[in-house]
Amino acid sequence: MSPHSVIGELVSILTTDNVAVGERSTEYYRKGWRSGEGSALAVVFPQTLVEFWKVLQACVKADCIIVMQAAKTGLTEGSTPSGHDYDREVVVINTLAMDKLIMLGAGEQVIGLPGTTLHTLEKTLKPLNRAPHSVIGSSSLGATVVGGVANNSGGALVKRGPAYTELSIFAWVNAKGELHLVNHLGIDLGQEPEEILANLESGNFDASNFCTEKKASATDYVDLIRDVNADTPSRF
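Worth saying up front: this structure is predicted, and the values here are computed from it rather than measured. (Residues numbered from 1 in each chain as written. Predicted model: local features only at pLDDT ≥ 70, side-chain atom pairs only at ≥ 80, totals over all residues. Heavy atoms only, no water.)

> Which residues make up the overall build of the protein chain, and what values go with them?
Helix and strand content of the protein chain: eight helices and eight strands. Here the C-alpha radius of gyration of the protein chain, 19 Å, is about what a compact globule of 236 residues would show, namely 18 Å. When the backbone C-alpha atoms are referred to their principal axes, the protein chain occupies close to 55 × 40 × 35 Å. Sorting the 236 residues of the protein chain into buried and exposed places 38% on the buried side. The long-range share in the protein chain, meaning contacts at least 24 apart out of those at least 6 apart in sequence, stands at 58%. (Helix = DSSP H or I, 4+ residues; strand = E, 2+ residues; numbered from the N terminus. Rg over C-alpha atoms; globule rule 2.2 N^0.38 Å. Buried < 20%, exposed > 50% of the residue type's maximum accessible area, 1.4 Å probe, protein only. Contact = heavy atoms within 4.5 Å.)

> I'd like a description of the nonpolar core, backed by residues and values.
L10, V44, V55, I111, I187, L200 and F205 are the most contacted members of the largest nonpolar core, which totals 34 residues. Residue assignment for this core shows that the elements contributing at least two residues are helix 1 (3-14), strand 2 (42-44), helix 3 (49-61), strand 4 (90-94), strand 5 (101-104) and helix 7 (193-202). When neighbours within four sequence positions are excluded, I187 is seen to be in contact with L104, I111, F205, N209 and F210. A40, V43, V67 and V92 belong to the second largest nonpolar core, which has eight residues in total. (Core = buried A, V, L, I, M, F, W, Y, C linked by side-chain atoms within 4.5 Å.)

> Got a sec to walk through the pairing of strand 8 (residues 179-183)? Specific residues and values, please.
Successive side chains on a regular strand alternate, one facing one side of the sheet and the next facing the other. Taken together, the five bridges between strand 7 (residues 169-173) and strand 8 define a ladder with antiparallel strand orientation. Bridge pairing in strand 8 links V173 to L179. Counted along the chain from strand 7 to the antiparallel partner strand 8, the turn is five residues long, and its residue G177 has a positive phi close to 80 degrees. (Pairing = 2+ DSSP bridges.)

> Would you mind going over helix 7 in detail, with residue names and values included?
If you check which residues of helix 7 are buried, you get I196, L197, N199, L200 and E201. Among the structural elements, helix 3, strand 5, strand 6 (109-112), strand 7 and strand 8 are those in contact with the buried residues of helix 7. Following helix 7 by one or two positions, G203 adopts a phi angle in the positive range, close to 75 degrees.

> Please give an account of the packing of aromatic side chains that cites residues and values.
Here the structure, examined in full by the defined rule, presents two aromatic pairs. Relative to Y29, the ring of Y28 lies with its centre 5.0 Å away and its plane at 90 degrees, an arrangement referred to as edge-to-face. Owing to a relative accessible area of 51%, Y28 belongs among the exposed residues under this scheme. What makes Y29 partly exposed here is its relative accessible area of 22%. Relative to F45, the ring of Y29 lies with its centre 5.0 Å away and its plane at 70 degrees, an arrangement referred to as edge-to-face. Placement of the pair is Y29 in the loop between helix 2 (23-26) and strand 2 and F45 in the loop between strand 2 and helix 3, with a sequence separation of 16 residues. Counting every residue linked through ring pairs, the aromatic cluster contains Y28, Y29 and F45. Here the basic side chain of K72 rests over the ring of Y28, its NZ or CZ set 3.8 Å away from the ring centre. (Phe/Tyr/Trp six-rings, centres within 6.5 Å; stacked < 30°, edge-to-face > 60°. Lys NZ or Arg CZ within 6 Å of the ring centre and 35° of its normal.)

> Describe the sheet that holds strand 4, and please don't skip the residues or the numbers.
The strand order across the open sheet formed by four strands is 1-2-4-3, and the pairing between neighbours is mixed. Edge positions in the sheet fall to strand 1 (19-20) and strand 3 (65-69), since each has one partner strand and no second. As paired strands, strand 3 and strand 4 are joined by five bridges and run parallel to one another. By the bridge assignment for strand 4, V67 is matched with V92.

> Give a detailed account of the side chain of Q69, specifying residues and quantitative values.
In this fold, Q69 is placed in strand 3. You can call Q69 buried: its relative accessible area is 2%. Reaching out from Q69, the side chain makes a polar contact with the backbone oxygen of S79 at a distance of 2.9 Å. Other than its neighbours up to four places away in sequence, Q69 contacts Y29, S79, T80, V92, I93, N94 and T95. (Polar contact = N/O pair within 3.5 Å; in protein donor to acceptor, adjacent residues only side chain to side chain.)

> Give me the lowdown on the pattern of salt bridges, citing residues and values where you can.
Considering all chains together, one arrives at four salt bridges under this definition. For R88, the salt bridge identified is with D63, shortest N-O distance 3.1 Å. Taken together, the residues span a long stretch of sequence, with R88 in the loop between strand 3 and strand 4 and D63 in the loop between helix 3 and strand 3 at a distance of 25 residues. The exposure class assigned to D63 is partly exposed, which follows from its relative accessible area of 47%. For R88, the salt bridge is made with D87, and the minimal N-O distance between the two is 3.7 Å. For R88, a relative accessible area of 36% puts it in the partly exposed group. (Salt bridge = Lys/Arg side-chain N within 4 Å of Asp/Glu carboxyl O.)

Written as structure tokens, this is what we have:
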């Protein structure tokens, strides 16, 4: 697809209000807070998970490079393009509009959509006498829950340990270039991608019935880091 065709496809999904093109319109989103900058054909702002899925489909179909972005608070430059010498068109997908937080059970677990911030999580958990995986600066900067988990954060807080999860919904492209949605949340949300994502975002599922066999955080970290005689790393 030509760049013009890609932009047209993205506009048909999101409308012109949620598609930014041109150097001036996209400049803020192409630069990291601390460092990193690069080129992008467009920056898009899906408002729902279904729109997000349709944007991914369009980008994969057009063989575009996809850069996922939330609050851009990271140190690794991973949420912005890097350089101006990509061999394909780059599309930045900003996820901050999808910021719903869903409590499971009596607060044993939560589901954070791509744009859910640590600040929101911190406020939600405080009445339950619980805390998020990171409260050292990240929450006040507007960092997202997903960004923190992706960066394995929280290890400075010994009782919590580094953040990670075995429970997630994610998209992947197989060896044939086909886009698939995988539901590893341990919650029945349906079969088809759009059905799964719509049910998740609307809360159309039993929030009291969720997986308890997989981990959503490093509950054994305090024991691992104290085992000084182990022949395995205490942190990795």
